[in-house]
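Structure at a glance
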Amino acid sequence: MINEKLPKIWYGGDYNPEQWDAEIWKEDERMFKLAGIDVATVNVFSWALNQPSEDTYDFAQLDETMDRLYKSGVYACLATSTGAHPAWMAKKYPDVLRVDYQGRKRKFGGRHNSCPNSPTYRKYSALLAGKLAERYKDHPGLVIWHISNEYGGYCYCDNCAEGFRNWLQERYGSLDRLNKAWNTRFWGHTFYDWDEIVPPNELSEEWGGNRTNFQGISIDYRRFMSHSMLECYKLEYAEIKKHTPNIPVTTNLMGFYPELNYFEWAKHMDIVSWDNYPSLDTPFSFTAMTHDLMRGLKSGDPFMLMEQTPSQQNWQAYNSLKRPGVMRLWSYQAVARGADTVMFFQLRRSIGACEKYHGAVIEHVGHEHTRVFRECAELGRELELLGGKLLDARTEAKVAIVYDWENRWAIELSSGPTVALNYVSEVHKYYDALFKMGVEVDMVSVEEDFSKYDIVIAPVMYMVKQGFAAKAERFTANGGTFVTTFFSGIVNENDLVTTGGYPGELRSLLGIWAEEIDALFPEHNNQIVLKQPWGGLKDSYECGLLCDLIHTEGAEVLAEYGSDFYKGMPVLTVNQYGKGRAYYVASSPDASFMAGFLKNLCEEKGIKGLAALPDGVEAARRVKGNAEYLFLLNHNSEASQVAIGEGGRTELLSGAVVSGSVTVPGKGVLILESERQ
Amino acid sequence: MINEKLPKIWYGGDYNPEQWDAEIWKEDERMFKLAGIDVATVNVFSWALNQPSEDTYDFAQLDETMDRLYKSGVYACLATSTGAHPAWMAKKYPDVLRVDYQGRKRKFGGRHNSCPNSPTYRKYSALLAGKLAERYKDHPGLVIWHISNEYGGYCYCDNCAEGFRNWLQERYGSLDRLNKAWNTRFWGHTFYDWDEIVPPNELSEEWGGNRTNFQGISIDYRRFMSHSMLECYKLEYAEIKKHTPNIPVTTNLMGFYPELNYFEWAKHMDIVSWDNYPSLDTPFSFTAMTHDLMRGLKSGDPFMLMEQTPSQQNWQAYNSLKRPGVMRLWSYQAVARGADTVMFFQLRRSIGACEKYHGAVIEHVGHEHTRVFRECAELGRELELLGGKLLDARTEAKVAIVYDWENRWAIELSSGPTVALNYVSEVHKYYDALFKMGVEVDMVSVEEDFSKYDIVIAPVMYMVKQGFAAKAERFTANGGTFVTTFFSGIVNENDLVTTGGYPGELRSLLGIWAEEIDALFPEHNNQIVLKQPWGGLKDSYECGLLCDLIHTEGAEVLAEYGSDFYKGMPVLTVNQYGKGRAYYVASSPDASFMAGFLKNLCEEKGIKGLAALPDGVEAARRVKGNAEYLFLLNHNSEASQVAIGEGGRTELLSGAVVSGSVTVPGKGVLILESERQ
Amino acid sequence: MINEKLPKIWYGGDYNPEQWDAEIWKEDERMFKLAGIDVATVNVFSWALNQPSEDTYDFAQLDETMDRLYKSGVYACLATSTGAHPAWMAKKYPDVLRVDYQGRKRKFGGRHNSCPNSPTYRKYSALLAGKLAERYKDHPGLVIWHISNEYGGYCYCDNCAEGFRNWLQERYGSLDRLNKAWNTRFWGHTFYDWDEIVPPNELSEEWGGNRTNFQGISIDYRRFMSHSMLECYKLEYAEIKKHTPNIPVTTNLMGFYPELNYFEWAKHMDIVSWDNYPSLDTPFSFTAMTHDLMRGLKSGDPFMLMEQTPSQQNWQAYNSLKRPGVMRLWSYQAVARGADTVMFFQLRRSIGACEKYHGAVIEHVGHEHTRVFRECAELGRELELLGGKLLDARTEAKVAIVYDWENRWAIELSSGPTVALNYVSEVHKYYDALFKMGVEVDMVSVEEDFSKYDIVIAPVMYMVKQGFAAKAERFTANGGTFVTTFFSGIVNENDLVTTGGYPGELRSLLGIWAEEIDALFPEHNNQIVLKQPWGGLKDSYECGLLCDLIHTEGAEVLAEYGSDFYKGMPVLTVNQYGKGRAYYVASSPDASFMAGFLKNLCEEKGIKGLAALPDGVEAARRVKGNAEYLFLLNHNSEASQVAIGEGGRTELLSGAVVSGSVTVPGKGVLILESERQ
C-alpha cells in the first residue's frame, strides 16, 4: 500500500490553486467532494513562488493549500517544484540554462529547462527539496513526494562536457580503453587527452537527433544524460529522506519515453508513477504494453497512474474528445495492469498559457454540470466502492518480453541496415499477438530474473550486454522457451560488433549463423513458407523490413523464405538447447503469422489466455492472497459476450454473481472476483 | 483623388534606372510613352546610392531621374529607400542587423534586414527621409511618398528585448498585472524584475514559428514588433510631413501578410497601397477578398495597387505566365474593388540577382514587340480612355466580414484543439459564398462601425476584445444579423479564457453554451442535419474540423449533428436578440451548405447580388455621386452571358449601350455605367 | 598504365589494419591471396596515428603495414590521411574547425571537417604529405598517392571570408567591377569596401542550401570553395612531387558530387579516381553516365574505380544487398567505361562506428566461406586472367554531352522559373536515350575540343561562358550537329542576363528567339506535335516542366506545341548553320520522343549503336591499338540474346569464339575482343 493513510485506489490529480483567486478555492473544495477526489498533486511548478529570490523562501500559499486540502479530506502528493527553474535564477545564474542539440545557449523559457550538471541547479533544487521536507514532514495530509516533473531533454553545455569527461574517466579508467571501446581508430578520432572529448551534438558527431558518426560516444552520452538527471533526482531524494524516511518518493515517468533508462531510475524510486496520454488512434494494446512496462520497472510492483486527461489533450495534432465511457475504461485498464491510483492532469483547467485546452475535471465553465465532470464523479463513486480490495494485487505472467533502453539507443543510432526499423514497434508486434489471446505478459529488463517465466521473448536483441547470453542459455537449458529475431546478438554494450558470425553471443543458443542481412525497400516483401504443418498455421505468410540470410548450425528449420535469391534459406528456426527450445525469427512477419506462431509456443508450454476474447475486448488479471480479479474491458462501442467458464465470480462494481458467458457493455468494464485458480 | 496633378487611374510601376546605363534611359522614355505609363516608383532600394558613407549624401542620379521622368510626362512615387540598409552601415553599426528567430545574429544580406529598434537604423532612416523630403519638396513630378518597402520580419536582439520591456511597462504598468495577463503562475514563470523577460523565440518560449509555451508573451511580442516597425515608419512620416504636409504618404502592404497589424498601420497612412501576387492556383475570390481587406483598412477609401507582375513571378515554385488577358483582367479586378492605380513591379527587368526572372513591362529582350508589352500598352490606352471617371468611387456593401490580426495570432499560436484550423481559410469560406452570389462585402476590423451593415459575420472570433461583445449586441439588438462560429468568444485580448462557459462574452447574444469542443481527424467528418426545411437548403450537409458540443440557452436550433455521440445536439442555432438575430455555426461546413445558408441570410435582409453570375464570373460595383459602375469580370476562357436587367448601361471601354443579357468575353471585362439604383 | 609495377587491372581496396590486432593481420594476408587482391589503400584516416601531437610523428605502424603488404604481393595506394584532422589539433588550433552553413562554429567530430583556409590545416596537411613522401619515396610497394579523401563541404569562417575577399580582388580587380558583376545596385547592395563582403550563408544572402538573394556572390563562393580545397590538394601534391615526381597522385572523387568543379580539379590530378555507390534503384544508365563523366574529366583517360561496396552500403535508407552477380556486373561496367582498377571500400569490415554495416570483402564473420567473399575471389581470378589486356584502352565516341558544374550551380541557385528543373536529370534524359541505343557518348566539359565529335548536345546550357558560343558556332559551321534546349543561353558566367532576346549568345546559331518561358505545374503538360513525318517518330509526344515560347528567325520548325495559348508555336527547330545543323528543344520531352529524336540525329550523322540491345542490356567498347573490346552487360536476371554480327570475336573470360547471336547470362558479362572495325 502506497500509504496507509489512504487505503484505497487514490483518486485525484494535479491541482494549481496558485493560479486562482481564493474564492475559487471554495468551489474546488465543494467539487472535489462531489467527484470523490481524495488526493491532489500540488506545488508542481511553484519554484518561483516558493523561492521568490535567491535568499527568500515563501511557503505561505502552500501552507494554506496543504491545510485546506487536508481539512476537506484531500491528501497531498507534494511536488518539489524543480521541473522548471525561476526566471530570476536564469538571469542571475546562466549555468542553469541548457545548451541545445543545435549548440545554442538557451534563454529563460519553457519547462524541463535546467542543465542537469549546473552547480546552481543542483544546489538550489536539493535545497528546496530539503526545505519542503523539513517543513511538511509532519503534515498529516502528506502521503507521497513527487520530485520534479517528467524529467527529460538533454544538455550539451560546458558543465555537461566536463561532467561527461569525469563520467568517462570513471567508466573507462584510461583513454586507451575508451579509444578501444569507441573504435576511434576509425576516421582517426583517437583521443590523447580527456579534454579533447566534446559532447556529441550537431556541432560535433551527430545530426538529425539520432544520427551519429560514432555510436560509442553517442550511446555513452545518452547513458550520461540519463545518469546526470538521475543524480539530480537522487540529490533531492536524499534531502527528503533525511526528514521523512518513511514517506514514499516518486517522480512521474512517461512510458516508452526514449531519453532516460527508466530501469536504472526505478532502482531509486520507492514507487513508479507515470503519465498516460494515448491518442484516439493509439492501439489500446500499445497502452496496455506501456502499463506492463511501467509495472515491470520494479519487477511487478503496483504503480501509480499519475496523470491522464479526463477528456482531451492540447498538444496532439487533433485533440479529439475521449468518447463517453472511455476515460473510465482507460482508468480501469491502468488498474487492471497494476495501477493503485487513478489521477488526472488536471483538476481545474488553467485559463492561460499552452495547456489551457488540456482537459480537466473542472472545465472552464467552472460547474459540475458537464459530461466530463459527471463521468469523473461516477468513477469516483466506483473507486470508493472498490475500497482497498485491489491494492497491492499483482500480475502473474508466464511470458516475458524483454525491453532495453540502451538496445533501443543503439538501434536508433545505427547507420544501416534500414531506417525503417523501429524497435518499439517490433516489440509491440509480439506483445499485441499475446494481448489478443489474453495471455498475460510481463515487460522486463535484461536484468530481470527469467526463471519465473516459461517463455522469454527478446525481439531485436541487437545489443547483448555482458552476462545476457549466459543467462538466456541457462533459462533455455532449464526448459524455457527463448525467442529472438533478426538483427540480434550483433554488438556488445559499446556497440562493437561481436565478430565470428552473427548472432554473436547468441549463436550457440540459437544454433544458426546469419551470413548476411538484407534490407527491403518498403514496397518489397518476402514470404515465410512453412516446411510442414505446425499447429493451425497456414502454409505461407508475408514478411519484410529485414531478412537475415541464415544457415542452420544444428537448429531445426521450421520455415524458409519464399522468394528472392535466398528463397529456400531458413526464415524460422528452433534449436533444442538442454531442456528448452530457442526460436529465431529471421525477418519481420505479418500479424497473422505472429498470432499463429505465438499460439503454438504458448500451447507448447501449456499457457492459456485468460479468456477467449472477441475482437476489441481486453483481459487482465490481478491476484492477491487467495483472490484473483479478472478484468474484462470492452473497447468496442457495442456490447460483447465473453465466456468465462463455470464457477461463479462476483462482479465488483455491480455485486452480481456471474458465470458462463458474460456481457461486457460497449466501453464497459467487468471486474470479476474469484478464488485464485 | 490621390494627387490632383494626375487626375486619372495611375499607370506605371517600380523603376530602377540606377541598374542601367544612360543609353537605356532614352529607351525607357520612348517605351513608357508607348505603354501609356504616367507614374514611376523610384528610389526603392537606393540607400547605398543616396548615402555612400556615414557623412556623405549623393542625390545626383535621383535628381536626373526625377527631372527626366517629369520632362517625359511621368510622375514620381518617391521611395525613401529604407527597405534595406547599406553594407557599410552593417559593418560599422552592427546594431542595424537583426537577431533571427533561431537566435542568430545576422550579417549583411537580403532586404527587410534592419532591426526596428536599432538606434542607428532609426536615426539614419529618418534622416534620409527628411533629406529627400527637403530636396524634392517642390519637385513638380512628385505625387506621392513611398516609405521603405514591404515592412516585415521580426528581430530578437538585445535592443528589441529592451524595447519590449519598456513597451510592456507602458502596457501593463506593473509586473503584477503582467504576470496576471500572461498567467505566469503556470509553469512557475513569475517575473520579479522586468529584466528577466526575454523575447520569445526558439531560445526561449517558442519553436517552429508559431508554437509557443506562453501565448501571452508571444502575442504581445507580435504586437510589439508590429508597433516597432510602425514607429520606424512614423519617424520617417514625421520627417516628410515637415517639408511636404500636403503630399500623401504610403508604404506598400501585402494583403493578408500575417506579421503586422495593418489596421493599426492604416491609421498612420494617407492612403493604403499594396502588392498583389496571386499564383495560377490562387482562387480569384481570394484575391477579391484581399482587395476588399485592403479597402477595409481605411473604411472603404480607395487604395493603390502598388505592385503586380505583368507576366510571371520568380519566387513561386512554378512561375507560370499570366495567360493572355489575365493581367488586364486582374488589373480591373483591383480597380473594381477600390484601386485607383494600376502599377507593376517592374517596368524593366533587372539582369542580375534574384528577381531577374520576375516579369516586367520591358522584358530582357528590350523592345516593345512582345506579348507582354502589347498587353501593357493596350491597358495603358484603356486607362487613358477611362480618365478620372472612376476615381474616388466607393463600394457600398451591406454585409461585413470581420477580420482581426490579433485574433489570427492567437489562433495560430494556440496549442490545441487542432492544427488544422486556418483562420484565413475559414474567413474565406464565408467570403467565397457571398462572392459567388455577387453580394458586395466589406472586410472590416473589430473597430469598424457596424451600423452601416445589415449582416456582420465574424468567423472564428476566438479573441473577443474589450467592447466587441457589447458592440455586437448593440448591432444585433438594432436589427442586424450577426453570425459567428465554433471556437469563438473563448479568450480576451491577453488570450486568457473567459470562464463561465463558452462562447464567453458572446454567450448571451448567441443564446447558447458550448460545453466541449471536439477536434476531428482529417479523415473524419460529421453532418449538419436541418430540423425543418429552410430556404432551398437540403436536409443534410457535411461538416468537420471542429465540432462544438452546444446547448441552447434560448436560441432556436436550426440543425443538429448527424452522427457520433453528440448526434442530435445543435450544430446551427439562431437567437432572436432585440430586433436582430444572432447565428452560431458550431462546426466548419462544406461549401454547399455555406452557399445556401448565406443565401437565406441575405434574403432575410433583402440583400441581392449584383447579378445572377455564371460560374467564373465576378461582379463588383463602385459608386460615385449619382453614378454607379458595375464591373463584370469573366475569369473563364470562354465568353459568358450575364443578365443585367433592363435599363441601358454604357460600357465604358467600348462606349456601347447595353441591357438585358450581355456577353462578357473570355478573360474579358465590362464596366457598365448607369445611374445609381 | 597507372604504374608499371602492377601491369593489370588493379584489384583491392581500403584497408585499415590499425583498427585490428596483429593476429588479424595474418588472416588478412591469407585471405587477400585467396581473393586475388593486389592493391590496398592504406593510411586514409590515420592523421592522429601518424602525428600524435604537434611535434611528434610516428610511422611505425605504417612501416609495418607497407612492408607486410609488399611482402605478400600487395601494393600500396598510400593516402596522406588529411581527410580528417586529429582531435588534439581541433582543441589546440580551433581555426581548423569549420563554421557551417547555419553560421555555427563546429567542434571536433566527423570527417571532411577541416576549414580549407585554415593556416593550421594547410601547414600541417602539407607537412604530413611531405613527410610521408620522404619516408616512403623508395618503398617498392608504393604505386600511387591518394591525397586526403572525398573532399567536400563548405566553410564560412572568418579565414574563409578573408580568403574570399582576396580571391575576389584578384578576380575583379576593383569593387566597381565586382559591383557590376553581382548587380549590387539591386536591393542597394553596393560595396564600398572589400571588408563589407561576407560569405553567403544562412546569416547573410542564402537559405535552404541553394536559395540565394544574389546569384553572383553565391556562384563565386562556390567557385572559391572549390578553389580553396583544390589549393589544399595542390599544397600536398607539391610536397609529394618533390620526393616522388614519377609516382602518380590522385584523390578520390564522387561522380556528380555538386560542390566541387571536378573539371578544374582533374587538371591537377595525374589520374582520376572515384567512388561508385549506386543504390538498388539507381538506373544503371545513370551509373554508366557517371563513369563516362569521370572518364571525361581528363578527356578520355582511363580512371580508377577507387571505391565500391562488395555487398551493401550503410548510409542509404534501405541498404539492400547486391544480388548475386551484381558486384561483378557493376565492376565490369566500370571497366567497360574506362576503369583500369576495381577497388572496394573496404577489405575488412570495421566493428565500431558508423560504417560497420558497410559491406566488405571480409565480413564480420571473418572467414572466406561467405557468398560475398566467394564472388570477390571469383572476380579476382578473372581479373588475373585478363591481365594487362585492357589497360589504357580508350573509348571513341562520336557524340558528346556537355556537363558543366558552374552551369549547375547557376541553375540550382536560380530564383525562378521553376523549382522542378533538375539539371542532372535533364542531362540524363539525353544520355539515357543514347545509352539504350548502344551509342557511345563522352561526357565533356565546355572546354573540351568539340572537333572530335559529330554531335554535341548541351542540355539546359543556361550559363554561356566566354567563348562557348563561338566554339559551338565553329563546330556547327564545320558540319557538326549541335543540340541545346529550353532555358539555354540566358546568362554569362556572372549570371547576368544577356539582353536582346533569349537564347542570348546562342541565338544566331539556333536561328530562334525565345520570347517567354512558361513554367508548368507538375500536373500539367503540353505536346510536341510534328509538322511532318520524321524518321520513325509518332505525330505527337508529351512534354512539360518549362515551355519556351519561341519564334523562328531562320530555323526550320520541326514540331509545334499542341495546346495552351501557345499552341502552334515552335517547340522543336533546326537551323542550318554553315555545313551543320543546330537543334533547339524548347521543352522537356518524354523518353519516347527523346529516343526517336536522337535516333534520327544519329542516323543523319551515320552513327550506329554498338549492337541492337534488348531491354536491360548495356554495351560499351574500349579500343587499344588494333584491337577493340566490346562489353555486353546484362542487367536483367534472365539471359538475353544480342546480335553482334558476323566475324568471330573472342570472349575474353571464357576464351570462346563467338559470332552472330550471343547469349549473355542473367547479370552476366561478355568481353568480346576483335580487330578494330
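Small disclaimer: the values here were computed from a predicted structure and weren't measured.

**Digging into the overall build of chain A**
The helix and strand tally for chain A stands at 17 helices and 27 strands. Here chain A has a C-alpha radius of gyration of 26 Å; the compact-globule value for 677 residues is 26 Å, and the two agree. Its C-alpha atoms put chain A at 75 × 75 × 40 Å along the principal axes. Taking all 677 residues of chain A together, the buried fraction comes to 69%. Partitioning the contacts of chain A with sequence separation of at least 6, the portion at a separation of at least 24 is 73%. Here chain A displays about 21400 Å² of accessible surface, and carbon together with sulfur accounts for 49% of that area.

**Overview of helix 1 (residues 22-35) of chain A**
All names here are of chain A. Spanning 14 residues, helix 1 covers 20 Å between terminal C-alpha atoms, matching the ideal 20 Å at 1.5 Å per step. Among all positions in helix 1, only Ile24, Trp25, Asp28, Met31, Phe32 and Ala35 are buried. What you see down the axis of helix 1 is that its buried residues fit within an arc of 130°, all on one side. Of the exposed residues in helix 1, the ones pointing more than 90 degrees away from its buried face are Glu23, Lys26 and Lys33. As for helix 1, its buried residues are in contact with strand 1 (10-14), helix 3 (60-71) and helix 12 (371-386). Looking one or two residues past helix 1, Gly36 carries a phi angle of roughly 75°, positive in sign.

**Topic: the relation of the copies chain C and chain B**
By a simple turn and slide, chain C fits onto chain B: the slide is 0.0 Å along the axis, the RMSD is 0.0 Å, and the turn is 120°. What we have between these two chains is a three-fold relation. Within chain C, Arg104 of chain C has its C-alpha nearest the rotation axis, a separation of 5.2 Å.

**Structural notes on the sheet that holds strand 7 (residues 249-250) of chain C**
Residues and elements named next belong to chain C. Strand order in the open sheet made by the nine strands is 7-4-3-2-1-11-10-9-8, with parallel pairing throughout. Lying at the two open borders of the sheet, with one neighbouring strand each, are strand 7 and strand 8 (252-253). Note that strand 4 (residues 142-146) and strand 7 share two bridges and pair parallel. Each bridged residue has a counterpart across the sheet, and for Trp145 the counterpart in strand 7 is Val249. Contacts from helix 3 (residues 60-71) reach strand 2 (39-42), strand 3 (75-79) and strand 4 within the one sheet, and its direction differs from that of strand 2 by about 175°. Each of strand 10 (303-307) and strand 11 (339-344) is contacted by helix 11 (residues 326-336), which is oriented at about 145° to strand 11, the strand it contacts most.

**Description of the pattern of salt bridges**
Scanning all chains against the criterion turns up 147 salt bridges over all chains. Close ionic contact of Arg328 of chain A with Glu382 of chain A constitutes a salt bridge, the shortest N to O distance being 3.0 Å. Of this pair, Arg328 of chain A sits in helix 11 (residues 326-336) while Glu382 of chain A sits in helix 12; the two residues are 54 residues apart in sequence, bridging distant segments of the chain. One salt bridge connects Arg30 of chain B with Glu368 of chain B, and the closest N-O pair in it is separated by 2.9 Å. Of this pair, Arg30 of chain B sits in helix 1 (residues 22-35) while Glu368 of chain B sits in the loop between strand 11 (339-344) and helix 12 (371-386); the two residues are 338 residues apart in sequence, bridging distant segments of the chain.

**Structural notes on the state of the cysteines**
Residue and element names in this part refer to chain C. The full count for this structure, using the stated rule, is zero disulfides over all chains. For the unlinked cysteine Cys77, the closest cysteine sulfur is that of Cys376, found at 18 Å. Using a relative accessible area of 0% as the deciding quantity, one classes Cys77 as buried.

**Observations concerning the sheet that holds strand 25 (residues 640-651) of chain B**
Residue and element names in this part refer to chain B. An order of 23-24-27-25-26 is seen for the five strands of this open sheet, with the pairing classed as antiparallel. In the strand order of this sheet, the two ends are held by strand 23 (617-624) and strand 26 (657-664), each with one partner. The sheet shows a mean angle of 25° between the axes of neighbouring strands, direction not considered. As paired elements, strand 23 and strand 24 (residues 627-634) share eight bridges and run antiparallel to each other. Each residue of the ladder has a partner; that of Arg621, found in strand 24, is Leu630. On the sheet, helix 11 (residues 326-336) packs against strand 23, strand 24 and strand 27 (669-675) and is oriented at approximately 145° with respect to strand 24.

**Side note on the interface of chain C and chain B**
On the chain B side, the residues contacting the 55 residues of chain C number 53 residues. Taken together, both faces of the contact between chain C and chain B bury some 4700 Å²; the carbon and sulfur share is 57%. When the buried surface of chain C facing chain B is broken down by residue, Arg185, Trp187 and Leu203 of chain C rank first, second and third, together holding 16% of it. Where chain C packs against chain B, one counts six salt bridges.

**Describing the packing of helix 6 (residues 158-172) of chain A against helix 7 (residues 175-182) of chain A**
Residue and element names in this part refer to chain A. Between helix 6 and helix 7, whose axes approach to 9 Å, the crossing angle comes to 95°. By the angle between their directions, the pair helix 6 and helix 7 is classed as roughly perpendicular. Along its contact with helix 6, which presents Phe164, Leu168 and Tyr172, the element helix 7 presents Arg177, Leu178, Ala181 and Trp182. A per-class count over the contact of helix 6 with helix 7 returns six nonpolar, no polar and one charged.

**Quick look at the confidence of the model for chain A**
Confidence along chain A averages 98 in pLDDT terms, with 100% of residues attaining 70 or more. Under the prediction, the complex receives an ipTM of 0.97, its pTM being 0.98.

**Examining the domain arrangement of chain A**
Residues and elements named next belong to chain A. Each domain of chain A was delimited in the assignment, giving domain 1 (10-154 + 246-386), domain 2 (399-604) and domain 3 (617-675). Each of domain 1 and domain 2 has a C-alpha centre, and the two are 38 Å apart. In this complex, domain 1 contributes 25 residues to the contact, which on the side of domain 2 involves 19 residues. Taken together, both faces of the contact between domain 1 and domain 2 bury some 1800 Å²; the carbon and sulfur share is 61%. Counting across the domain 1 and domain 2 interface gives two salt bridges. The residue Lys267 makes a salt bridge to Glu447 at a minimum N-O spacing of 3.2 Å. Taken together, the connections running from domain 1 to domain 2 amount to 15 residue pairs in polar contact (both at pLDDT 80 or more).

**Overview of unusual backbone geometry**
For residues that are not glycine, phi is negative in most cases, and the peptide bond is trans in most cases. Here the bond from Gly416 of chain A into Pro417 of chain A is cis, since omega is 0°, no more than 30 degrees from zero. Structurally, the position occupied by Pro417 of chain A is in the loop between helix 13 (405-413) and helix 14 (423-436). With an omega of -5°, the peptide bond running from Tyr502 of chain B to Pro503 of chain B counts as cis. Tracing the sequence through the fold places Pro503 of chain B in the loop between strand 15 (481-485) and helix 16 (507-510). With phi around 55°, Trp187 of chain A is a residue other than glycine that occupies positive phi space. With respect to the helices and strands, the residue Trp187 of chain A is situated in the loop between helix 7 and strand 5 (206-207). By relative accessible area, which is 5% here, Trp187 of chain A ends up buried.

**Some points on the packing of helix 6 of chain A against helix 8 (residues 215-243) of chain A**
All names here are of chain A. The N-to-C vectors of helix 6 and helix 8 enclose an angle of 105°; their axes lie 10 Å apart at closest approach. Classified by the angle their axes make, helix 6 and helix 8 are roughly perpendicular. Between helix 6 and helix 8, the residues in contact are Cys160, Gly163, Phe164, Trp167, Leu168, Arg171 and Tyr172 and Ile217, Asp220, Tyr221, Arg223, Phe224, Met225 and His227, respectively. For the contact of helix 6 with helix 8, a count of residues per class yields nine nonpolar, two polar and three charged.

**Things to note about the packing of aromatic side chains**
In this description, a pair of aromatic rings is defined by centroid distance and the angle of the planes. All names here are of chain B. Tallied over the entire structure, the rule returns 143 aromatic pairs over all chains. Residues Tyr70 and Tyr75 carry aromatic rings whose centres are separated by 6.0 Å and whose planes lie at 75° to one another, so their mutual orientation is edge-to-face. On the basis of an interplanar angle of 20° and a centroid distance of 6.3 Å, the ring pair of Phe164 and Trp167 is categorised as stacked. Of the two residues, Phe164 and Trp167 both sit in helix 6 (residues 158-172), three residues apart, roughly one turn of that helix. The same class applies to Phe164 as to Trp167, namely buried. We note Arg348 situated over the ring of Trp20; from NZ or CZ to the ring centre the distance is 5.3 Å.

What counts and how
Residues numbered from 1 in each chain as written. Chains lettered and ligands numbered in written order. Predicted model: local features only at pLDDT ≥ 70, side-chain atom pairs only at ≥ 80, totals over all residues. Heavy atoms only, no water. Helix = DSSP H or I, 4+ residues; strand = E, 2+ residues; numbered from the N terminus. Rg over C-alpha atoms; globule rule 2.2 N^0.38 Å. Buried < 20%, exposed > 50% of the residue type's maximum accessible area, 1.4 Å probe, protein only. Contact = heavy atoms within 4.5 Å. Areas by Shrake-Rupley, 256 points an atom, 1.4 Å probe, with all protein chains shown as cover. Expected span 1.5 Å × (residues − 1). Arc of directions from axis to C-beta. Least-squares fit on C-alpha atoms with pLDDT ≥ 70 in both. Pairing = 2+ DSSP bridges. Axes fitted to C-alpha atoms, helices over the stretch in contact; angles between N-to-C directions. Salt bridge = Lys/Arg side-chain N within 4 Å of Asp/Glu carboxyl O. Disulfide = S-S within 2.5 Å. Buried area = accessible area lost by both parts, 1.4 Å probe. Parallel < 35°, antiparallel > 145°, perpendicular 65-115°, else oblique. Nonpolar A, V, L, I, M, F, W, Y, C, P; charged D, E, K, R; others polar. pLDDT = per-residue confidence, 0-100. Domains from an automatic or database assignment. Polar contact = N/O pair within 3.5 Å; in protein donor to acceptor, adjacent residues only side chain to side chain. Phe/Tyr/Trp six-rings, centres within 6.5 Å; stacked < 30°, edge-to-face > 60°. Lys NZ or Arg CZ within 6 Å of the ring centre and 35° of its normal.

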